[in-house]
Amino acid sequence: MEIKKSELKVLFTEEQIQTRIAELADELNDLYGNDEVIAICVLKGAVMFAVDLVKNLKMPLKMEFIRLSSYGTGTVSTGKVHAVDISLPDLNDKNVLIIEDIIDTGHTAKFLLDFINNNFKTKSTKFCSLLDKKISRVSDIEPDYYGFDIDDKFVVGYGLDYEGYYRNLRYIGYKPNV
C-alpha cells in the first residue's frame, strides 16, 4: 500500500489541533500548578505535539526524549515494542508527564508505564496522548489526557508518519479505505 498526499483527507485541521492543545495545557496547568514536571516525549511521532504542548505549560518543566516503536513498515502495529533509546534521568519523587502521539493497541503505552513503574517511585505519572484510538486497544490502558478520539483510520501528519513521511504536515489526515 502506498499513501500519496493528494489522496489524504483532513481529519483535524491545524486550528483544531492548536485549540485542543491549549485546552489540554489549561488542564495540566491546573493539575500541576507550580510543581515541577518532567515531560517525556516519545519520539518520533509525538515531537510536534510535545513541543506545542510544553510551550503552553506554565510550571517549571524539564523535557526528556525517548524512542520507542511498535510499527515496522506498513500501517499496522507489530504488537512488539522496540526500545530504541529509553535512557531517562532519576524520576524518583518527580511529577512525570508522558507525551505520546497516539494510543492505539496500547502496547507502547503499557510498556512505557511498566518501565517507569518498575524503575522509579514517581510523585505522579500522567499520560497525555494527542490521539486515542480506543477501537484498536488490546491492553488495559487509558490516557489520563488526550486530544481527540479517532476511529479505525491510519492517520498521518503533525508528527505521525507513514514509513517516515508526512510528519511535517500541519494537519492530521487519513487515506480513505485504508
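Since we're looking at a predicted model, the values are computed, not measured.

S.K.: I'd like to hear about the packing of aromatic side chains, residue by residue, with values.
M.R.: All chains considered together, the criterion is met by two aromatic pairs. Relative to Phe148, the ring of Phe12 lies with its centre 4.0 Å away and its plane at 25°, an arrangement referred to as stacked. Of the two residues, Phe12 is situated in strand β1 (residues 9-12) and Phe148 in strand β7 (residues 145-149); the sequence distance between them amounts to 136 residues. Seen in terms of ring centroids, Phe154 and Tyr162 are 6.1 Å apart; in terms of plane orientation they differ by 85°. Their pairing is edge-to-face. Here Phe154 matches Tyr162 in class, with each residue buried. A cation over a ring is seen here: Lys153 above Tyr174, with NZ or CZ 4.9 Å from the ring centre.

S.K.: So what's going on with the environment of Ile150? Residues and values would help.
M.R.: If you trace the backbone, Ile150 turns up in the loop between β7 and β8 (155-156). Residues Ile150 and Asp104, 46 residues apart in the sequence, show an inter-C-alpha distance of 9.4 Å. Beyond its immediate stretch of four places on either side in the chain, Ile150 contacts Leu11, Phe12, Ile102, Leu131, Asp132, Lys133, Lys134 and Val155.

What counts as what
- Residues numbered from 1 in each chain as written.
- Predicted model: local features only at pLDDT ≥ 70, side-chain atom pairs only at ≥ 80, totals over all residues.
- Heavy atoms only, no water.
- Phe/Tyr/Trp six-rings, centres within 6.5 Å; stacked < 30°, edge-to-face > 60°.
- Helix = DSSP H or I, 4+ residues; strand = E, 2+ residues; numbered from the N terminus.
- Buried < 20%, exposed > 50% of the residue type's maximum accessible area, 1.4 Å probe, protein only.
- Lys NZ or Arg CZ within 6 Å of the ring centre and 35° of its normal.
- Contact = heavy atoms within 4.5 Å.

These values are about where atoms sit, not about what they do.
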